[in-house]
Amino acid sequence: MSTRYVAREPDAAGIIHYPEDDHAVWHTLIERQLKLVEGRACQAYLDGIERLQLPHEHIPQLADINRVLHASTGWQVAAVPALIPFDTFFRLLADKRFPVATFIRHRDELDYLQEPDIFHEIFGHCPMLTQPWFAEFTHTYGKLGLTASKEQRVYLARLYWLTVEFGLLNTPEGLRIYGGGILSSPKETLHCLSDVPERQPFDPVEAMRTPYRIDILQPLYFVLDDLERLRQLAREDIMALQQQAQALGLHAPKFPPKAA
């Protein structure tokens, strides 16, 4: 996939310099999305947002994010180009470094961007990386991906997509969001809790058998009963579950094929 975006390089002191319009886009995105996630995001995410103390007026520097993540779970973020190979992605996660592309979307793509930008990575994912159970699952996932075959990685990608990116959670207060792909998207935040999509109890084998598209609102979400379920999953034999999913085969897609 090609991209119109180019990551910004840090200077010798590790500071990334953004033009004022980039800061203005960040301001628009964070102000809008903070209103939407209130009452919709899970408490663990809201706690992470509180811990990170993200600025509203400007894009945060990665060193500021790193101070909070390292103190919380031992993680760091790592500046990467807009698109990175799977090998790089898995290696970073295995080293407890979460990749962050150091560009922000243009104004004509405020609502949705196929490639992850700095707003998606920092606002969507970093709050959850302050949580030990989430950090453990993400670390395990990276280590598994490093040694997985190309075919196995496709199954792992579905598991990641339907948990880390687009996962929902049952709580006493009702359905809540923990997936970063939802939490950084205004349309997905509203769509996922509406009556439109299908929702199923989380099952890792079923998740790995479920096709998805990255360029549409999701037709199906998997719902955890407890966030600790991901920590438990991290301690199971995920590759044995992947073999089960592969033997059972893929489900029929719940979406139309992408136009050529």
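Residues numbered from 1 in each chain as written. Predicted model: local features only at pLDDT ≥ 70, side-chain atom pairs only at ≥ 80, totals over all residues. Heavy atoms only, no water.

### Describing the pattern of salt bridges
On inspection of all chains with the given rule, the structure shows 16 salt bridges. Across the pair Asp22 and Arg8 runs a salt bridge, and its minimum N-O distance is 3.2 Å. Residue Asp22 is located in helix H1 (residues 20–37), and its partner Arg8 is located in the segment before H1; the two are separated by 14 residues in the primary sequence. The class of Asp22 is buried, set by a relative accessible area of 10%. For Arg8, a relative accessible area of 32% puts it in the partly exposed group. Arg209 serves as the salt-bridge partner of Glu206, at 3.0 Å between the closest nitrogen and oxygen. One continuous salt-bridge network, built from bridges that share partners, spans Glu136, Glu228, Arg231 and Arg235. (Salt bridge = Lys/Arg side-chain N within 4 Å of Asp/Glu carboxyl O. Helix = DSSP H or I, 4+ residues; strand = E, 2+ residues; numbered from the N terminus. Buried < 20%, exposed > 50% of the residue type's maximum accessible area, 1.4 Å probe, protein only.)

### A word on the packing of aromatic side chains
Scanning the entire structure with this criterion turns up 14 aromatic pairs. Residues Phe90 and Tyr141 carry aromatic rings whose centres are separated by 5.6 Å and whose planes lie at 45° to one another, so their mutual orientation is tilted. Of the two residues, Phe90 sits in helix H4 (residues 86–94) while Tyr141 sits in helix H6 (residues 132–147), which places them 51 residues apart along the sequence. Neither Phe90 nor Tyr141 differs from the other in exposure class; each is buried. On the basis of an interplanar angle of 90° and a centroid distance of 5.5 Å, the ring pair of Trp133 and Phe134 is categorised as edge-to-face. The same class applies to Trp133 as to Phe134, namely buried. By way of ring pairs, the aromatic residues Phe86, Phe89, Phe90, Phe137, Tyr141 and Tyr160 are connected into one cluster. (Phe/Tyr/Trp six-rings, centres within 6.5 Å; stacked < 30°, edge-to-face > 60°.)

### Overview of helix H3 (residues 62–73)
A turn of α-helix holds 3.6 residues, and therefore any two residues three or four places apart point the same way. Under the 1.5 Å per step criterion, the end-to-end length of H3 is 16 Å for 12 residues, consistent within 8% with the ideal 16 Å. Buried residues of H3: Leu62, Ile65, Asn66, Val68, Leu69 and Thr73, and no others. One or two residues past the end of H3 sits Gly74, with phi positive at roughly 85°. (Expected span 1.5 Å × (residues − 1).)

### Notes on the nonpolar core
Among the nonpolar cores identified, the biggest contains 75 residues, and Tyr45 and Ile122 are the most heavily contacted of them. With seven residues, the top contributor of residues to this core is helix H7 (residues 150–165). With residues up to four places along the chain from it excluded, the contact list for Ile122 reads Trp26, Leu52, Leu54, Pro60, Leu62, Ile65, Val100 and Pro127. Grouped together as the second largest cluster of nonpolar side chains are eight residues, Tyr5, Val80, Leu92 and Phe103 included. (Core = buried A, V, L, I, M, F, W, Y, C linked by side-chain atoms within 4.5 Å. Contact = heavy atoms within 4.5 Å.)

### Some points on the state of the cysteines
Each disulfide consists of one covalent bond between the sulfur atoms belonging to two cysteines. Per the counting criterion, the structure on display carries zero disulfides. Cys42 forms no disulfide, and the closest cysteine sulfur to it belongs to Cys192, at a distance of 11 Å. By relative accessible area, Cys42 is classed as buried at 1%. Just so you know, Cys126 is unpaired, no disulfide at all, and the nearest cysteine sulfur is the one on Cys42, 15 Å from it. (Disulfide = S-S within 2.5 Å.)

### Some details on the layout of surface pockets
By volume, the largest pocket is sized at about 1300 Å³. What lines the largest pocket is a set of 43 residues, among which Gln114, Pro116, Trp161, Glu165 and Ile214 lie closest to the centre. Secondary-structure elements contributing two or more residues to the lining of the largest pocket are H4, strand S2 (97–101), helix H5 (118–125), H7 and helix H9 (186–192). Take the lining of the largest pocket: its biggest share by element is eight residues, from H7. Broken down by class, the residue content of the lining of the largest pocket amounts to 26 nonpolar, six polar and 11 charged. (1 Å grid on protein atoms, 1.4 Å probe; cavity = no way out; pocket = protein on both sides within 12 Å on 5 of 7 lines; lining within 4 Å. Points joined across faces, edges and corners; volume = space filled by probe spheres on them. Nonpolar A, V, L, I, M, F, W, Y, C, P; charged D, E, K, R; others polar.)

### Thoughts on the environment of Ala41
Its location among the elements puts Ala41 in the loop between H1 and helix H2 (43–52). Along the primary structure Ala41 and Leu175 are separated by 134 residues, whereas in three dimensions their C-alpha atoms are 8.7 Å apart. Here Ala41 is in contact with Leu46, Arg176, Ile177 and Leu183, once residues within four sequence places are set aside.

### Brief notes about unusual backbone geometry
Look at Gln53: it is not a glycine, yet its phi comes out positive at around 50°. Counting through the fold element by element, Gln53 comes out in the loop between H2 and H3. Located in the positive-phi region is Lys96, a residue other than glycine, with phi close to 60°. By the secondary structure assignment, Lys96 is in the loop between H4 and S2. What makes Lys96 partly exposed here is its relative accessible area of 32%.

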